[in-house]
Amino acid sequence: YGPTETTIWSSVARLDAVGERVPLGEPIANTDLSVRAPGGQVAPRQVEGELWIAGAGVSRGYWRRPELTAERFVERDGQRWYRTGDLVRMQRDGALDFLGRTDNQVKVRGHRIELGEIEAVIAESGTVRQVAVKMAEFGENDVRLLAYVTPGDTPPSERDLRARLADKLPEFMRPSQIVILERMPMTPNGKIDRKAL
């Protein structure tokens, strides 16, 4: 396991069989792994949190992206840490389990995609009130992006939205389907309920 920002490899695990758990294994030499709560405190074992990585493999940041570098690379406990955005849990035996993402980043056909970037392009059309993009699996090796929109004052045209997406985004970031809904499912705290889509 390892993100590009930590020179690809950060931990290794021996997998004799593939099961329900996705273990990340033990850190490689000169690497520290830490599970952190949203405020940056170390999370207790068996409590999910964001995986932070420190050590010799951590890069200096993003080329010409100081704001993103400041967000993802932090100094804590006398070390430089990379906040991966990966949601993990440390088991009692010290093994790390991968649980998903803390943000809306997904991986489709080898490309890391921020769903918010796609949503922003659709929202700029001026014809949608709300938009949510999610990744869906339709079968083995068949992962697609789906866009859900609710109409604004002027009803959106799927054709116009597709033309806008084609003009602004590469093919791998374009949703395969655009679904127009009367209203979005919402969580009790007023956010779009992506799991209900």
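Throughout, residues of each chain are indexed from 1 in the direction in which the sequence is written. Given that the model is predicted, a residue must reach a pLDDT of at least 70 before its local features are reported, and side-chain atom pairs must reach 80 or more before they are shown or counted; all residues, however, enter totals for whole chains, interfaces and linings. Side-chain numbers come from the whole structure's heavy atoms, not from hydrogens or water.

**Quick notes on the pairing of strand β5 (residues 73-76)**
Part 1 of the argument: Criterion used throughout: strands pair if DSSP finds at least two bridges between them. Secondary structure counts use DSSP, requiring at least four H or I residues in a row for a helix and at least two E residues in a row for a strand, with both numbered from the N terminus. Bridge analysis of β5 against strand β6 (residues 79-90) gives four bridges, and the strand direction is antiparallel. Note that in β6 the partner of E75 across the bridge is R80.
Part 2 of the argument: The loop that links β5 with its antiparallel partner β6 comprises two residues; one of these, D77, has a positive phi angle of about 55°.

**A look at the sheet that holds strand β10 (residues 128-139)**
Part 1 of the argument: Judged by pairing direction, the sheet is mixed, and its three strands sit side by side in the order β10-β11-β12 without closing on themselves. Across the chains shown, the open sheet's two edge strands, defined by having one partner strand only, are β10 and β12 (177-180). Ignoring which end each strand starts from, the neighbouring axes of this sheet average 25° apart.
Part 2 of the argument: Of the strand pairs in this sheet, strand β11 (residues 142-151) and β12 are connected by four bridges, and their pairing is parallel. Considered in β12, the bridge of A147 is made with I178.
Part 3 of the argument: With respect to the sheet, helix α2 (residues 115-123) is in contact with β10 and β11, its orientation differing from that of β10 by roughly 135°.
Part 4 of the argument: Two residues qualify as a contact provided that any one of their heavy atoms is within 4.5 Å of a heavy atom in the partner residue. Here the axes come from fitting lines to C-alpha atoms, over the contacting stretch only for helices, and the angles between their N-to-C directions go from 0 to 180 degrees. Here helix α3 (residues 158-168) sits on the sheet in contact with β10 and β12, set at roughly 140° to β12.

**Focus on the nonpolar core**
Part 1 of the argument: Formed by 18 residues in total, the largest nonpolar core has its most connected members in I113, I118, I122, V133, L145 and L165.
Part 2 of the argument: Elements that contribute at least two residues to this core include exactly β8 (105-108), α2, β10, β11 and α3.
Part 3 of the argument: At four residues, the largest contribution of residues to this core is made by α2.
Part 4 of the argument: A43, V58, M90 and L96 belong to the second-largest nonpolar core, a separate cluster that totals twelve residues. Note on terminology: a nonpolar core comprises buried Ala, Val, Leu, Ile, Met, Phe, Trp, Tyr and Cys residues joined through side-chain atoms within 4.5 Å. Only protein chains enter the area calculation, which uses a 1.4 Å probe; residues under 20% of their type maximum are buried, those over 50% are exposed, and those in between are partly exposed.

**Observations concerning the layout of surface pockets**
Part 1 of the argument: One number sums up the size of the largest pocket: a volume of about 540 Å³.
Part 2 of the argument: In this analysis, the protein atoms alone were mapped onto a 1 Å grid. Cavities are point sets where a 1.4 Å probe fits without being able to get out; pockets are open sets with protein on both sides within 12 Å along at least five of seven lines; lining residues have an atom within 4 Å of a point. As for the largest pocket, its lining consists of 17 residues, and the residues nearest its centre are Y1, D86, F98, R101 and K107.
Part 3 of the argument: Where the lining of the largest pocket is concerned, the elements lending two or more residues are β6, β7 (96-101), β8 and β9 (111-114).
Part 4 of the argument: Polar here means any residue outside two lists: the nonpolar Ala, Val, Leu, Ile, Met, Phe, Trp, Tyr, Cys and Pro, and the charged Asp, Glu, Lys and Arg; Gly therefore counts as polar. Here the lining of the largest pocket is built from residues that sort into six nonpolar, seven polar and four charged. Grid points are joined across faces, edges and corners, and a volume is the space filled by probe spheres set on the points.

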